[in-house]
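Letter by letter, the chains look like this.
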Amino acid sequence: MSDLVAYYMATPPIARTVATAVFASSVGIYTGLLPSYHFFFHKSLLFKLVPEVHRCVTSFLLTGPQMAVLFDTYFVYHYLSQLERGSKFAKKEDLIWYLMFVGSVIIFLNSTLTGAAYYLQALLIGMCYTACQDMRGATAHFYIITIPAQMMPYCLLLVQLLFPNGVENLKVGLTGLLAAHLHDFLTRIYPEFGNGPNLIPTPGFLSYFMRTPRIQNTGYGTAIRPKDKAAGSGGPLPDAWRSKGPGRRLG
């Protein structure tokens, strides 16, 4: 059991956290332990007296039913860990900002065009598209066939047609593809080929949060540095007194 926990904690932290949230939420909803009412998104719920802004996150946490719970959770972890370990997002805050931007575009497009209320499939397509941009020339395995890596998101889109409400699923998946391509255009294509700046740089508050004194980005995750024991942690006595050896009782 301890080995399993150690393996779990050694995985990329963002991918681990998101995949766990997706799996736990989906299992909770499909077993009736959690009410699905609090997970779908509708823009009218943002304009209540108490805005339900949590739906901007929870609407990305529901997989398909039955075996899709396992497959969708796996794909979430696979593509997120690939992005987290890759060179495109050198810092954790860059990946968090990517998820925030792509998620916001997905919500806007679906609220405007499709009327869909759950967006995990769109986010999966978007993450797959982004992860495959640095794999041009490589090959990938899609079930039992081998395809060029950059074709993977389009294959996932076609597979969505095989499920119930396939056309609606395809529309939702296309919004994820558009959102990821927009992010790629604003952060890579325009700066490289248009000689312009990155139009959506990572906000400073995310960088500040990730660079607080006790948080440190590492290649395998985020490390929490222990407090400095040399800085006044030895008790109330002066250092000169503590260095004189054991005390003796008088009298």
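Quick caveat, the model's predicted, so the values are computed rather than measured.

Thresholds, definitions, all that
- Residues numbered from 1 in each chain as written.
- Predicted model: local features only at pLDDT ≥ 70, side-chain atom pairs only at ≥ 80, totals over all residues.
- Heavy atoms only, no water.
- Pairing = 2+ DSSP bridges.
- Helix = DSSP H or I, 4+ residues; strand = E, 2+ residues; numbered from the N terminus.
- Salt bridge = Lys/Arg side-chain N within 4 Å of Asp/Glu carboxyl O.
- Polar contact = N/O pair within 3.5 Å; in protein donor to acceptor, adjacent residues only side chain to side chain.
- Contact = heavy atoms within 4.5 Å.
- UniProt positions renumbered as here; feature names shortened; annotations may be inferred.
- Core = buried A, V, L, I, M, F, W, Y, C linked by side-chain atoms within 4.5 Å.
- Buried < 20%, exposed > 50% of the residue type's maximum accessible area, 1.4 Å probe, protein only.

Some thoughts on the pairing of strand E2 (residues 145–148)
Then step 1. Here strand E1 (residues 139–142) runs beside E2; their pairing, made up of four bridges, is antiparallel. Bridged to His-141 within E2 is Thr-146.
Then step 2. Following E1, the chain reverses through two residues before pairing antiparallel with E2; Tyr-143 in that reversal takes a positive phi of roughly 60 degrees.

Some remarks on the pattern of salt bridges
Then step 1. Counted under the stated rule, the structure contains seven salt bridges.
Then step 2. One salt bridge connects Arg-188 with Asp-184, and the closest N-O pair in it is separated by 2.8 Å. Separated by four residues within a single helix, Arg-188 and Asp-184 lie in helix H8 (residues 166–193), roughly one turn from each other.
Then step 3. Through salt bridges that share partners, Lys-88, Asp-184, Arg-188 and Glu-192 make up one connected network.

What to know about the side chain of Thr-73
Then step 1. Positionally, Thr-73 belongs in helix H4 (residues 68–85).
Then step 2. In this structure the side chain of Thr-73 is engaged in a polar contact, spanning 2.6 Å, whose partner is the backbone oxygen of Val-69.
Then step 3. With residues near it in sequence (within four places) discarded, Thr-73 still touches Ala-19, Val-22, Phe-23, Thr-63 and Ala-68.

Re the UniProt feature "transmembrane region" (unreviewed entry) in the protein chain
Then step 1. The UniProt feature table records "transmembrane region" (unreviewed entry) at residues 20–40, 95–120 and 140–163.
Then step 2. Taken end to end, residues 20–40 has its terminal C-alpha atoms 19 Å apart, with 52% of it in helix and 0% in strand.
Then step 3. Taken end to end, residues 140–163 is 38% helix and 29% strand, and its two terminal C-alpha atoms sit 23 Å from one another.

Points about the nonpolar core
Then step 1. Counting residues in each nonpolar core, the largest one holds 50 residues, and the members touching the most others are Tyr-98, Ile-106, Met-127 and Met-152.
Then step 2. Once residues lying within four places of it in the same chain are set aside, the contact partners of Tyr-98 are Leu-83, Phe-89, Gly-126, Met-127, Thr-130, Ala-180 and His-183.

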